[in-house]
Amino acid sequence: MDADLLSIAAARRSAESAFEAYQKFLGTDPKHVDAIVDAMARAIDPECARLGQMAVDETGYGNADHKRMKDLMNARGTADWLRDITTLGMLWRDDAAKIAAIGEPMGVVAALIPVTNPTSTIIFKVLSAVKAGNAIVCAPHPRGVNCGKEVVRIMSEVAEQMGAPKGLIQCLESVTIQGTAELMKHRRTSVVMATGGPAMVKAAYSSGKPTLAVGAGNVPCYVHKSMAKELDEVAEQIVASKGFDYGTACVSEQAVIADPEIAREMRHSLKLAGAYFCTPAEADRLAKVIFTGKQAMNPERVGQAPEVLAELAGFSVPPRTKCLVSEETEIGWQRPLSAEKLNPVLAFYEAKDSDHGIKLAQSIARFEGWGHSSVVHSNDPEIVAKFSTIPTGRVLVNTPAIMGGAGYCTDLEPSFMLGTGTWSGSITSDNVTALHLINIKRVAYANRPWRDIYEEYG
């Protein structure tokens, strides 16, 4: 049978059976829901190394050990955070105002899974959806179906052993664009969680269903002169973050901007941390390796090791190189490496002064990354305040972008789905969590005489 027809049929079956399971799951004691979520997280924990390797083997993207860590960030960090929040039943009450809020599930979640993070994103979305009392059907990228199916198998089996209805947690096995589109627009689907490229996000918002989606992340990282004595630490943070899983995370740094007083030392510290600065000719060849044209990232070059990218571009790098750096002066498609790069490649800019540095960061964020995240390294509160005018949903201060943005080393909500706000067409700029997957019902008593309206406004 035609692959599209198979995928459409599978999507319809999954949506219907997920809805049936959701109906059975409705009214489950929140404590029992929490026990199911905890059990799924515990079951995934010892499997993370295997799942990380599966993801790399199947997709060809990223670093297996770093994918293991991403999986663990959700199996442990997200699960720990979910344990302490209330999603179902009484959320809060105000006796003086005579109003209370009650959390109720949304229904069936259609979860689009990116090829760059095919296992960690499923762990995050399944834990979050079930915590909110929902059913979930995952639609992986065709290149990541097998590792996605394995994550769902582990989590669904444990959930069913804990008393969850069969079909509450599912993964499409026959995946095409048309099948995923059918899942999103199906009458039983209540909400779409879309993580992926621009085409996928656009399709999700065109599905006619309430959608939580994310956008591109061209994350600028401005290093202020007040960090002069801490440049080695700053450089280590930047390289560790950009090199993590070979740059597959949208929240990792894309461009470093340094004040003129520290630019030379910043370059040196980055080199010591494992960055290789390309010559102009090498950078031009590297851009042709990463991009096939304007706004067209080569999918075969995503999530590749720096030495692989360098070899493809016709140059070699020293052993233990963690990322490649291109010195830039312009921002825009005339200089492709100033755009988002889902691999361990950074742009580097030397600012004329602090105002210029912040202006450069603003321009980079608006180019290919409006609304996502930005980073500032500074010990000057006034500079942090000025930088915070940047149009991004997260302004991260003195932290690696990926660890800070995902909520590991900041008190942001742990999340593998970072909203970009209306700056880039998203409904939220939050770190998306289970709290975005519930309907909140208000119960409100009359607390003033209703007839007074005639006297007050009549």
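Residues numbered from 1 in each chain as written. Predicted model: local features only at pLDDT ≥ 70, side-chain atom pairs only at ≥ 80, totals over all residues. Heavy atoms only, no water.

Draft legend 1. Quick look at the packing of aromatic side chains. In total, this model carries seven aromatic pairs according to the counting rule given. Note on Tyr222 and Phe387: the rings are 6.2 Å apart at their centroids and 15° apart in plane angle, and the pair reads as stacked. Note that Tyr222 is positioned in strand β8 (residues 219-223) and Phe387 in helix α14 (residues 381-387), a separation of 165 residues in sequence. Like Tyr222, the residue Phe387 is buried in the burial classification. Judged by centre distance (6.4 Å) and plane angle (70°), the rings of Trp450 and Tyr454 are edge-to-face. Of the two residues, Trp450 and Tyr454, neither departs from the other in class, the shared state being exposed. In textbook terms, an aromatic cluster arises when at least three aromatic residues are bridged by ring pairs, as seen for Phe291, Trp333 and Phe367. For the cation-ring pair, Lys271 lies above Phe277, with the distance from its terminal atom to the ring centre recorded as 5.5 Å. (Phe/Tyr/Trp six-rings, centres within 6.5 Å; stacked < 30°, edge-to-face > 60°. Helix = DSSP H or I, 4+ residues; strand = E, 2+ residues; numbered from the N terminus. Buried < 20%, exposed > 50% of the residue type's maximum accessible area, 1.4 Å probe, protein only. Lys NZ or Arg CZ within 6 Å of the ring centre and 35° of its normal.)

Draft legend 2. Local environment of the sheet that holds strand β13 (residues 323-327). Taken in spatial order, the seven strands make up an open sheet running β10-β13-β14-β9-β8-β15-β16, and their pairing is parallel. With one partner strand each, in any of the chains shown, β10 (275-277) and β16 (392-397) form the two edges of the open sheet. Put simply, the sheet's adjacent strands are angled 25° from each other on average, direction ignored. Pairing analysis gives four bridges linking strand β9 (residues 253-258) to strand β14 (residues 345-350), with the strands arranged parallel. Of the residues in β14, the one forming a bridge with Ala258 is Glu350. (Pairing = 2+ DSSP bridges. Axes fitted to C-alpha atoms, helices over the stretch in contact; angles between N-to-C directions.)

Draft legend 3. Looking closely at the sheet that holds strand β4 (residues 135-139). Strand order across the open sheet formed by five strands is β5-β4-β3-β6-β7, with parallel pairing between neighbours. At either end of the open sheet lies a strand with only one pairing partner, and these are β5 (169-171) and β7 (211-213). Looking at each pair of strands side by side, their axes are set apart by 15° on average, direction ignored. Across five bridges, the pairing between strand β3 (residues 108-112) and β4 is parallel. Along β4, the bridge assignment pairs Val109 with Ile136. Docked against the sheet, helix α5 (residues 120-131) engages β3, β4, β5 and β6 (189-194), running at close to 160° with respect to β4. (Contact = heavy atoms within 4.5 Å.)

Draft legend 4. Expanded view of the side chain of His224. Its place among the elements puts His224 in the loop between β8 and α9 (231-243). Engagement of the side chain of His224 in a polar contact is seen with the side chain of Ser226, the distance being 2.8 Å. Excluding residues that lie within four positions of it along the chain, His224 makes contacts with Asp259, Ile262, Ser354, His377, Ser378, Asp380 and Ile383. (Polar contact = N/O pair within 3.5 Å; in protein donor to acceptor, adjacent residues only side chain to side chain.)

Draft legend 5. Quick look at the packing of helix α1 (residues 3-25) against helix α7 (residues 177-185). Between α1 and α7, the shortest axis-to-axis distance is 7 Å and the interhelical angle comes to 25°. By the angle between their directions, the pair α1 and α7 is classed as roughly parallel. Of the two possible hands of crossing, α1 and α7 adopt the one that is right-handed. Across the interface between the two elements, Asp4, Ser7, Ile8, Ala11, Arg12 and Ala15 from α1 touch Gln178, Gly179, Thr180, Glu182 and Leu183 from α7. Counted by class, the contact of α1 with α7 contains four nonpolar, four polar and three charged residues. (Parallel < 35°, antiparallel > 145°, perpendicular 65-115°, else oblique. Left-handed = near helix turned anticlockwise from the far one by under 90°. Nonpolar A, V, L, I, M, F, W, Y, C, P; charged D, E, K, R; others polar.)

Draft legend 6. Spatial organisation of unusual backbone geometry. Phi at Lys98 takes a positive value of approximately 55°, unusual for a residue other than glycine. Along the chain, Lys98 falls in the loop between β1 (89-94) and β2 (99-105). Residue class for Lys98 comes out partly exposed when judged on its relative accessible area of 40%. In this structure, Arg320 takes a positive phi of about 65° despite not being glycine. Along the chain, Arg320 falls in the loop between α12 (306-312) and β13. The exposed category is assigned to Arg320, whose relative accessible area is 75%.

Draft legend 7. Local environment of helix α6 (residues 145-161). In a regular helix each residue adds 1.5 Å, so 17 residues correspond to 24 Å; α6 covers 24 Å between its end C-alpha atoms and thus fits that length. Those residues of α6 hidden inside the fold are in contact with α2 (30-44), α3 (48-59), α5, β4 and β5. Immediately downstream of α6, the backbone of Gly163 shows phi near 105°, a positive value. (Expected span 1.5 Å × (residues − 1).)

Draft legend 8. A look at α5. An ideal rise of 1.5 Å per residue puts 16 Å on twelve residues; α5 measures up with 17 Å between its terminal C-alpha atoms. The buried fraction of α5 amounts to twelve of the twelve residues, a majority that puts the element mostly inside the structure. Along α5, the positions that sit buried rather than exposed are Ser120, Thr121, Ile122, Ile123, Phe124, Lys125, Val126, Leu127, Ser128, Ala129, Val130 and Lys131. Once α5 finishes, Gly133 follows within two positions and takes phi at roughly 85°, a positive value.

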